[in-house]
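# Close look at the chain arrangement
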Amino acid sequence: MIVAIHQPNYLPWLGFFHKMANSDVFVLLDNVKHSKSSFTHRNKIKVNNKEFLLSVPLKNKESLINELILADPVNNLQKHWRLIQNGYSKSYYWNTYFEELKLIYNGNWDRLMDLNIALINFIKNQLGIKTKIVLASELKDISGEGSDRNLSICKTLGADVYLSGNGAKSYNDDQSFYDAGIEIRYNNFNHPMYPQIGDSFIPNLAAIDLLYNCGPSSRSILLNG
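Description of the structure in this document. Since the model is a prediction, treat every value here as computed from it, not as a measurement.

## With respect to the packing of helix α1 (residues 14-21) against helix α4 (residues 112-126)
Packed helix pairs are specified by the crossing angle of their axes together with the interaxial distance, meaning the distance between the axes. Contact geometry of α1 with α4 gives a least axis separation of 11 Å together with a crossing angle of 65°. Classified by the angle their axes make, α1 and α4 are roughly perpendicular. Relative to α4, the crossing made by α1 is right-handed. Between α1, through Phe-16, Phe-17 and Met-20, and α4, the contact on the second element is made entirely by Ile-120, Ile-123 and Lys-124. Split into classes, the residues belonging to the contact of α1 with α4 amount to five nonpolar, no polar and one charged.

In structure tokens:
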């Protein structure tokens, strides 16, 4: 069984879902301290041919991820929705995904975590990804930090393989995983180029950019690009 672990980002980019699609169980690491520089509360879309950062205002930026509370969620999420409309309402597949995403942004959200999970599940389903999602906070007897915590999660889930991002090479304790009989693999993601609204292609945007531009072809572009 292949296990991957990632913080529950806001409107995640394609690499997030590429790793998810290549795993059997995808653990959302929701019980660690939030970093203000992370993508847990922000991500990028394309508006008027330019990269635009959407950032969700929070009441308590120093808390655990699953304790983060949205600041003035009704007004701030409507601002995000209007920016998404400005960026993609003229895209070919806008009407395909318009209603469901609008319902999410019109939802009654208090915790950032709940909003992020709704967005993650929406994109996951549209990409046809069947991977099981598990919350780290719901797993029992998890201990340690960093590589030790990830190893503990893998042991608890009975993983044969831990699918890691390349950015974790500097702190993964390969020997500990080897001693536990768990193979470490690194998810090699090459960002695909695809038809995108606007004059020039901008990579590393929220995955909704691919959906609105490519619709039903998005899954094959993600996995084979």
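## What to know about the environment of Ile-45
By the element assignment, Ile-45 lies in strand β3 (residues 42-47). When the C-alpha atoms of Ile-45 and Asp-209 are compared, they prove to be 6.8 Å apart, with 164 residues separating the residues in sequence. Apart from the residues within four sequence positions on either side, Ile-45 is in contact with Lys-50, Glu-51, Phe-52, Leu-54, Leu-83, Ile-84, Tyr-88, Leu-205, Ala-206 and Ile-208.

## What to know about the packing of helix α3 (residues 94-105) against α4
The contact between α3 and α4 brings their axes to 10 Å, and the two run at 165°. Classified by the angle between their axes, α3 and α4 sit roughly antiparallel to one another. Classified by chirality, the crossing of α4 by α3 is right-handed. Together, Tyr-97, Glu-100, Leu-101, Ile-104 and Tyr-105 of α3 and Leu-115, Ala-118, Leu-119, Phe-122 and Gln-126 of α4 make up the contact between the two elements. Residues of the contact of α3 with α4, tallied by class, amount to eight nonpolar, one polar and one charged.

## With respect to the side chain of Lys-44
For Lys-44, the position within the fold is in strand β3. Judged by relative accessible area, which is 16%, Lys-44 ranks as buried. When residues no more than four places from it in sequence are discounted, the contact partners of Lys-44 are Glu-51, Phe-52, Leu-53, Asn-204, Leu-205 and Ala-206.

Reading the values: the criteria
- Sequence order as written defines residue numbering, which begins from 1 separately in each chain.
- The model is predicted, so local features are restricted to residues of pLDDT at least 70 and side-chain atom pairs to those at 80 or more, both for listing and for counting; the totals for chains, interfaces and linings are taken over all residues.
- Side-chain numbers come from the whole structure's heavy atoms, not from hydrogens or water.
- As a rule, the C-alpha atoms of each element are fitted with a line to give its axis, helices using only the stretch in contact, and angles between N-to-C directions run from 0 to 180 degrees.
- By the criteria applied, helices consist of DSSP H or I runs no shorter than four residues and strands consist of E runs no shorter than two, each listed in order from the N terminus.
- Any angle from 65 to 115 degrees is called roughly perpendicular, while one under 35 is roughly parallel, one over 145 is roughly antiparallel, and all others are oblique.
- Should the near helix be turned anticlockwise from the far one by less than a right angle, the crossing is termed left-handed; should it be turned clockwise, right-handed.
- In this analysis, two residues are considered to be in contact whenever any of their non-hydrogen atoms come within 4.5 Å of each other.
- Amino acid classes used here: Ala, Val, Leu, Ile, Met, Phe, Trp, Tyr, Cys and Pro are nonpolar; Asp, Glu, Lys and Arg are charged; the rest, including Gly, are polar.
- The classification of residues rests on relative accessible area computed with a 1.4 Å probe and restricted to protein chains. Under 20% of the type maximum is buried, over 50% is exposed, and intermediate values are partly exposed.

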